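Tertiary structure, described
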Amino acid sequence: MKTPLLERYRALIDLPAHTRTISLHEGDTPLIPMPRLAQQLGGGFELYVKYEGLNPTGSFKDRGMTAAVGEAAGRGVQAVICASTGNTAASAAAYAARAGMRAFVLIPQGKVAAGKLAGAVAYGARVLQIEGSFDDALSLVVEASQRTPVALVNSLNPHRLQGQKTAAFEIIEELGRAPDWLCLPVGNAGNITSYWMGFQQYHALHGSGLPALLGVQAAGAAPLVLARAVEQPETVATAIRIGKPARGEQALAAAQESGGSIVAASDEAILAMQRQLAAEGIWVEPASAAGLAGLAAEVAARRLDLGGKTVVAVCTGHGLKDAEIVASQFTAPRPVAAKLADLVRELETE
Ligand SMILES: *Cc1c(COP(=O)(O)O)cnc(C)c1O
């Protein structure tokens, strides 16, 4: 049997001693070489996708949730609460279920992909739709967790970051050193903050090098690029549809210290990159394509020269999480008579 993530990296992770192991065998996700996509982006560099969609509930959120729920369970808390654009909800619900705890999930009204909501419901969470934005829902859960004995498991919870930084360790161990660039989507900015913590920690111990970080927001939800909160964030990439990132300052500091930056990608560019990834066998939800969409735009505008470099793109969530987005882009399959001749004719046409 595999060792649970937090036990594998126990020596590198700072969690209270009372933390229990609540694991679904998260982490240990593949680092997949993408030679064809690298070529399409100009070539001359090595590109890998860290496919976080292969975590137990289909997104990287599981790395942090094993820590946050394990810590809460260890101090005898009976319930967890979070605000979510979808993936945090599914993950919190699954780990709470695993721990025998209740989960309360607040989602912004009408703005969550059905595949994600279904997850939270399937794992038995109590889902509440707030008549407001994600940012409203987050403010509410923070206050509620201060007044009632439920544990907050949004990435404001520092234990989440301890779990999430393990992805940086896995990348270094697989490549033998840190990549030159790491690109990833940025929403509430917990993940980019975690990666930077992880890379710095490993480098201090083993001299593994530090990547430059390219954080990518959706153009319609780009508070860190605009340097102001966005009141009504709008993007197809629902997982990063966030107007006031909880860890925005840390994200900006991480990008700057690393020699990277935070940029924005249009919805068109995000969906185009989602198709390009799928064309090489990797189906991700739209937000997960944002990192690479931003990278591609930087390279095309010659702001970034990747010659001879190693690049890792973090693809944060699985395509199945938001199947509607693909379903809405294709026309219904054409009916074909159940006859061999008709089928063969179809196979011979373009
Ligand atoms: C949560 C999430 C993000 C954004 O991560 P942050 O830590 O909020 O910046 C990106 N992609 C997916 C699929 C997510 O679930």
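Residues numbered from 1 in each chain as written. Predicted model: local features only at pLDDT ≥ 70, side-chain atom pairs only at ≥ 80, totals over all residues. Heavy atoms only, no water.

1. What to know about the pairing of strand β3 (residues 79-83)
For the record, the criterion: Remark: exposure states derive from per-residue accessible area (1.4 Å probe, protein chains only) relative to the maximum for the residue type, with buried under 20%, exposed over 50%, and partly exposed in between. Strands here are runs of E lasting at least two residues and helices are runs of H or I lasting at least four, both read from the DSSP assignment and numbered beginning at the N terminus. At least two bridges found by DSSP between two strands are what make those strands a pair. Orient the strands so they point away from the viewer, and a crossover whose first-strand-to-second-strand path over the helix runs clockwise is right-handed.
Summarising burial for β3: 5 of the 5 residues are buried, a large majority. Judged by which residues are buried, β3 turns out to be covered on both faces: Ala 79, Ile 81 and Ala 83 on one side and Val 80 and Cys 82 on the other are all buried. In this structure, β3 lies alongside strand β4 (residues 102-108), joined through 5 bridges in parallel fashion. Looking at β4, one finds that Ile 81 is bridged to Phe 104. The parallel pair β3 and β4 is bridged by helix α4 (residues 87-99), and the resulting crossover is right-handed. Where β3 and strand β6 (residues 151-152) come together, 2 bridges link them in parallel fashion. Directly across from Ile 81, in β6, lies its bridge partner Leu 152.

2. A closer look at the sheet that holds strand β5 (residues 126-130)
What counts here: Should any heavy atoms of two residues lie within 4.5 Å, those residues are counted as being in contact. Structural elements are reduced to axes, namely lines fitted to C-alpha atoms, with helices fitted over the stretch in contact, and the angle between N-to-C directions of any two is expressed from 0 to 180 degrees.
Here we have 4 strands laid out as an open sheet, ordered β5-β4-β3-β6, and parallel in their pairing. One side of each edge strand has no neighbouring strand; the edge strands of this open sheet are β5 and β6. The pairing of β4 with β5 spans 5 bridges and is classified as parallel. Bridged to Val 105 within β5 is Val 127. Along the sheet, α4 makes contact with β3 and β4, crossing β3 at roughly 175 degrees. Across the sheet, helix α6 (residues 134-147) lies against β3, β4, β5 and β6, angled at about 155 degrees from β3, the strand it touches most.

3. Considering the site of the ligand
What counts here: Residue proximity to a molecule or strand is established when one non-hydrogen atom of the residue lies within 4 Å of it. N or O atoms within 3.5 Å of each other form a polar contact, as long as, within protein, one can give a hydrogen and the other can take it, and as long as residues adjacent in sequence are counted only when both atoms are side-chain atoms. Accessible areas in this description were obtained via Shrake-Rupley with a 1.4 Å probe; residue shielding takes into account the shown protein chains only. The distinction between a cavity and a pocket rests on a 1 Å grid over the protein atoms alone: a 1.4 Å probe fits inside a cavity but cannot get out, while a pocket stays open yet meets protein on both sides within 12 Å along at least five of seven lines, and a residue with an atom within 4 Å of a point counts as lining. Just a note on the criterion: a molecule sits in a pocket or cavity if more than half of its atoms are within 2 Å of the grid points. By the convention adopted, Pro, Cys, Tyr, Trp, Phe, Met, Ile, Leu, Val and Ala count as nonpolar, Lys, Arg, Asp and Glu as charged, and the other residues, Gly among them, as polar.
The local shell around the ligand holds 17 residues, among which Lys 61, Asn 87, Gly 187, Asn 188 and Thr 316 are the closest. Within the side chain of Lys 61, one N or O atom sits 2.6 Å away from an oxygen atom of the ligand. Here an oxygen atom of the ligand and a side-chain polar atom of Asn 87 are 2.7 Å apart. Bound to the protein, the ligand loses 97% of the 380 Å² it would expose on its own. More than half of the atoms belonging to the ligand lie within 2 Å of the grid points that define the largest cavity. At the level of secondary structure, the elements contributing two or more residues to the shell around the ligand comprise α9 (190-206) and α13 (286-300). Classifying every residue of the shell around the ligand by side-chain character gives 7 nonpolar, 8 polar and 2 charged.

4. What to know about the layout of surface pockets
Quick reminder of the rule: Grid points are joined across faces, edges and corners, and a volume is the space filled by probe spheres set on the points.
Taken as a whole, the largest pocket spans an internal volume of roughly 220 Å³. Of the residues contributing to the lining of the largest pocket, the split by class is 7 nonpolar, 4 polar and 4 charged.

5. What to know about the domain arrangement of the protein
Interface size is often expressed as the accessible area that is lost when the parts come together. Using the following cut-off: The split into domains, and so the bounds of each, comes from an automatic or database assignment of domains. Any Lys or Arg side-chain nitrogen found within 4 Å of a carboxyl oxygen on Asp or Glu counts as a salt bridge.
You can read the domains of the protein as domain 1 (5-58 + 160-327) and domain 2 (61-158). When each unit is reduced to the centre of its C-alpha atoms, the spacing between domain 1 and domain 2 is 22 Å. Here domain 1 and domain 2 share 2 salt bridges between them. With a shortest N-O distance of 2.9 Å, Glu 170 and Arg 63 are connected by a salt bridge. Viewed at the interface, domain 2 and domain 1 are joined by 21 residue pairs in polar contact (both at pLDDT 80 or more). Of all elements in the fold, only α1 (5-8), α7 (158-164) and α8 (166-175) reach the threshold of two or more residues within the side of domain 1 that touches domain 2. Among the elements that make up the side of domain 1 that touches domain 2, the one with the highest residue count is α7 (5 residues). Across the side of domain 1 that touches domain 2, the residue classes tally to 12 nonpolar, 16 polar and 14 charged.

6. Considerations on the environment of Ser 288
Note on placement: Ser 288 falls in helix α13. Classification of Ser 288 as buried rests on a relative accessible area of 1%. Ser 288 sits 113 residues away from Leu 175 along the chain, and the two C-alpha atoms are 21 Å apart. The residues touching Ser 288, leaving out its near neighbours within four places in the chain, are Pro 185, Val 314, Cys 315, Thr 316 and Gly 317. Polar contacts involving the side chain of Ser 288 include one to the main-chain amide nitrogen of Gly 317, which spans 2.7 Å.

7. Re the nonpolar core
Note the cut-off: For this analysis, a nonpolar core means a set of buried residues of the types Ala, Val, Leu, Ile, Met, Phe, Trp, Tyr and Cys, connected via side-chain atoms within 4.5 Å.
Counting residues in hydrophobic clusters, the biggest one holds 37 residues, and the most contacted among them are Leu 47, Val 49, Met 273, Leu 277, Leu 292 and Leu 295. Looking at this core, the elements with two or more residues in it are α2 (35-40), β2 (46-51), β7 (181-185), β8 (212-218), β9 (261-265), α12 (267-278), α13 and β10 (310-315). Per-element accounting of this core gives the leading share, 8 residues, to α13. Non-local contacts of Leu 295, meaning those with residues more than four positions away in its chain, are made with Leu 41, Cys 183, Leu 214, Leu 304, Leu 306 and Val 311.

8. Brief notes about empty space enclosed by the protein
This model, assessed by the stated rule, comprises 1 cavity of 30 Å³ or more. In this structure, the largest cavity spans a volume of roughly 300 Å³. Lining the largest cavity are 27 residues, with Phe 60, Lys 61, Gly 187, Asn 188 and Ala 239 positioned closest to its centre. Listed by contribution, the elements that provide at least two residues to the lining of the largest cavity are α4, α7, α9 and α13. Counting residues per element, the lining of the largest cavity draws most heavily on α9, at 3 residues. Class assignment for the residues of the lining of the largest cavity results in 11 nonpolar, 13 polar and 3 charged. Both domains that meet at the lining of the largest cavity, namely domain 1 (5-58 + 160-327) and domain 2 (61-158), each give it at least three residues.

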